[in-house]
Amino acid sequence: MDIIVRLKTGFFEKTAYRLRLGANGLILIPDKGESAERIVIDRKDIRSVTMTERKHPELEIQTRGSVYVGIIEGGCSFGEAVSYLNENLNVKITCEYKGEE
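No experiment lies behind these values; they were computed from the predicted model shown. (Residues numbered from 1 in each chain as written. Predicted model: local features only at pLDDT ≥ 70, side-chain atom pairs only at ≥ 80, totals over all residues. Heavy atoms only, no water.)

**Q** I tried to follow helix H1 (residues 78-88) on my own but got confused; where do I start?
**A** Two residues of an α-helix separated by three or four positions point the same way, owing to the 3.6 residues in each turn. Of all the residues in H1, the buried ones are Phe 78, Ala 81, Val 82, Tyr 84 and Leu 85. Burial along H1 is one-sided: seen end-on, the buried residues are contained in an arc of 160°. Facing away from the buried side of H1 by over 90 degrees, the exposed positions are Asn 86 and Glu 87. (Buried < 20%, exposed > 50% of the residue type's maximum accessible area, 1.4 Å probe, protein only. Helix = DSSP H or I, 4+ residues; strand = E, 2+ residues; numbered from the N terminus. Arc of directions from axis to C-beta.)

**Q** Quick question: what am I supposed to make of the pairing of strand E7 (residues 67-73) here?
**A** A regular strand places its side chains on the two faces of the sheet in alternate fashion. Bridge count for strand E1 (residues 3-8) against E7 is four bridges, and the pairing is antiparallel. Bridged to Leu 7 within E7 is Gly 70. Taken together, strand E6 (residues 58-63) and the strand that follows it, E7, pair antiparallel across an intervening segment of three residues. (Pairing = 2+ DSSP bridges.)

**Q** When you look at the sheet that holds strand E2 (residues 14-22) in this model, what are you seeing that I'm missing?
**A** In sheet architecture, strand pairing relies on hydrogen bonds along the backbone and comes in two forms, parallel and antiparallel. The mixed open sheet is built from eight strands, whose spatial order is E4-E3-E2-E1-E7-E6-E5-E8. Two strands bound the open sheet, and with one partner strand each, they are strand E4 (39-42) and strand E8 (92-96). Here the strands of the sheet are splayed against their neighbours by 30° on average, with no regard to which way each runs. By the bridge criterion, five bridges tie E6 to E7 in an arrangement that is antiparallel. Within the sheet, the bridge partner assigned to Ile 61 lies in E7 and is Tyr 68. Running at roughly 165° to strand E5 (residues 46-52), H1 makes contact with E1, E2, strand E3 (25-30), E5, E6, E7 and E8 of the sheet. (Axes fitted to C-alpha atoms, helices over the stretch in contact; angles between N-to-C directions. Contact = heavy atoms within 4.5 Å.)

**Q** Help me understand the state of the cysteines, please; the structure alone is not making it clear to me.
**A** In protein chemistry, a disulfide is the covalent bond that joins the sulfur atoms of two cysteines. Taken as a whole and judged by the stated rule, the model has zero disulfides. No disulfide involves Cys 76; its nearest neighbouring cysteine sulfur is the one of Cys 95, lying 13 Å away. Relative accessible area serves as the criterion here: at 10%, Cys 76 is assigned to the buried category. (Disulfide = S-S within 2.5 Å.)

**Q** So what exactly am I meant to see when it comes to the nonpolar core here?
**A** The nonpolar side chains of soluble globular proteins are, as a tendency, buried together. Residues Leu 26, Val 49, Met 51 and Leu 85 are the most contacted members of the largest nonpolar core, which totals 25 residues. Contributing elements (two or more residues each) for this core: E1, E2, E3, E4, E5, E6 and H1. Here this core gets five residues from one element, more than from any other, and that element is H1. Ignoring sequence-local partners within four residues, the contact set of Met 51 consists of Pro 57, Glu 58, Leu 59, Ile 72, Phe 78, Ala 81, Val 82, Leu 85, Ile 93, Thr 94, Cys 95 and Glu 96. (Core = buried A, V, L, I, M, F, W, Y, C linked by side-chain atoms within 4.5 Å.)

This is the structure in structure tokens:
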């Protein structure tokens, strides 16, 4: 599955990454044309994942030392993203549903 996440990387700045699940955790690979560096989040460092249902689902990953916040794009639905993360991570995933927003 190919999930594009636009992570907040500055005050008014977002950077596009491809979210992949590796053997040891999450890998965020800069999307085409982005000059950012790859982010590797070790599975044992992930404390929680929060997904919020909106037009573009929101993702928050809390680790021991950082919080990654972004929006899921690329045609991936809320349900698909939750299923993908739930199947591949052994971590608490909190889902927030906003109803008809």
